[in-house]
Amino acid sequence: MAWLTDEQMREMGFACWGNNAKLSDKASYYNCKDIRIGDNVRVDDFCVLSAGIGGIDIGNYVHIAVFSSLMGAGNISLDDFCNISSRVAIYSSNDDYSGAAMTNPTVPPEFTRVQHADVLIGRHVIIGAGSIVLPGVRLEEGVAMGALSLVKNDCKSYGCYAGIPAKRIGERKRDLLELEKQLTEVTLVAHRT
């Protein structure tokens, strides 16, 4: 996998990016001026990041695996330590499927009823492969989403969720919070030397 250089990211017009940002040159990035990227972020091959008016905000220590997509007019925010597995689709816009309006972006907006709503993926959230997250959803800190899930409702902190639609099926351990503290201490020591 080849990574974009700082110069390439500057030329593409990203709003900002942090240290050790590894963005694949085989991924697609649209409306880069509204994409903000933190430290230690990795975006793998064949991902699509298409920022709408609300933009895309990616925190620190975030991985977006191969073939995933983030798109829509609302804001999509991935907080620190998120893991987006392969083929995950996160949407902040969605067509009206009822037949009461027309669909697809080639149709003028006065004939469609597209829903736009922000999506928040909290700290330490992991979303399993092939899952779909719909507009307006909030996954609170520590949520673990099983593979092939359809996420259409908010998910509460440190729950394990899975299914179509996703439902809470268990509790997630919080050991990772102590590991985060250890990582932070190691990082601070490294910066001092």
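Whatever comes next refers back to the structure up there.
Presented here is an overview of the structure given in this document. (Residues numbered from 1 in each chain as written. Predicted model: local features only at pLDDT ≥ 70, side-chain atom pairs only at ≥ 80, totals over all residues. Heavy atoms only, no water.)

What to know about the overall build of the protein chain
Each helix and strand in the protein chain was counted, giving two helices and 21 strands. Scaling as 2.2 N^0.38, a compact globule of 193 residues should have a C-alpha radius of gyration of about 16 Å, and the protein chain matches this with 17 Å. Across its three principal axes, the protein chain shows a C-alpha extent of roughly 60 × 45 × 25 Å. For the protein chain, buried positions account for 41% of its 193 residues. Intrachain contacts of the protein chain at a sequence separation of at least 6 include 20% that bridge at least 24 residues. For the protein chain, the exposed area adds up to about 10,100 Å²; of that, 55% sits on carbon and sulfur atoms. One finds the centroid of the 19 positive side-chain charges in the protein chain at a distance of 5 Å from the centroid of its 23 negative side-chain charges. (Helix = DSSP H or I, 4+ residues; strand = E, 2+ residues; numbered from the N terminus. Rg over C-alpha atoms; globule rule 2.2 N^0.38 Å. Buried < 20%, exposed > 50% of the residue type's maximum accessible area, 1.4 Å probe, protein only. Contact = heavy atoms within 4.5 Å. Areas by Shrake-Rupley, 256 points an atom, 1.4 Å probe, with all protein chains shown as cover. Lys, Arg positive; Asp, Glu negative; His and termini not counted. Charge placed at Lys NZ, Arg CZ, Asp CG, Glu CD.)

Quick look at the packing of aromatic side chains
According to the stated counting rule, one finds three aromatic pairs in the structure shown. Ring centres 5.2 Å apart and planes at 20 degrees place the aromatic pair Phe46 and Phe67 in the stacked group. Highlighted residues: Phe46 in the loop between strand E4 (41-43) and strand E5 (48-51) and Phe67 in the loop between strand E7 (62-64) and strand E8 (69-72), separated in sequence by 21 residues. Taking the relative accessible area as the measure of exposure, Phe46 reaches 43% and is therefore partly exposed. Summarising the aromatic geometry, the rings of Tyr61 and Phe81 are spaced 5.2 Å apart at their centres and angled 10 degrees between planes, so their arrangement reads as stacked. (Phe/Tyr/Trp six-rings, centres within 6.5 Å; stacked < 30°, edge-to-face > 60°.)

A short note on the sheet that holds strand E9 (residues 76-78)
The parallel open sheet is built from five strands, whose spatial order is E3-E6-E9-E14-E17. Both edges of this open sheet fall to strand E3 (35-37) and strand E17 (138-139), since each of them pairs with a single strand only. Sheet analysis places strand E14 (residues 119-121) next to E17, joined by two bridges and oriented parallel. Note that in E17 the partner of Ile121 across the bridge is Leu139. (Pairing = 2+ DSSP bridges.)

Topic: the sheet that holds strand E20 (residues 159-162)
Reading across from one edge, E1-E4-E7-E10-E15-E18-E20-E21 is the order of the eight strands in this open sheet, with mixed pairing throughout. The open sheet has two edge strands, strand E1 (22-23) and strand E21 (167-171), and neither has a second partner. In the sheet, E20 pairs with E21 via four bridges, with the strands oriented antiparallel. Along E21, the bridge assignment pairs Gly159 with Glu171.

Remarks on the pairing of E8
When E5 meets E8, the two strands line up parallel, connected through four bridges. Among the inter-strand pairings, Val48 is bridged to a residue of E8, identified as Ser69. Note: E8 against strand E11 (residues 89-91), three bridges, orientation parallel. Bridge pairing links Met71 to Tyr91 in E11.

Comments concerning the pattern of salt bridges
Under the definition given, this model contains eleven salt bridges. Between Glu140 and Lys156 there is a salt bridge, with the nearest N and O atoms lying 3.6 Å from each other. Linking Glu140 in the loop between E17 and strand E18 (144-145) with Lys156 in the loop between strand E19 (150-151) and E20, this pair joins segments that are 16 residues apart in sequence. In this structure Lys156 comes out as partly exposed when scored by relative accessible area, which is 48%. (Salt bridge = Lys/Arg side-chain N within 4 Å of Asp/Glu carboxyl O.)

Quick look at the environment of Lys156
Separated by 16 residues in the primary sequence, Lys156 and Glu140 place their C-alpha atoms 5.3 Å from one another. When residues no more than four places from it in sequence are discounted, the contact partners of Lys156 are Glu140, Val143, Tyr161 and Arg168.

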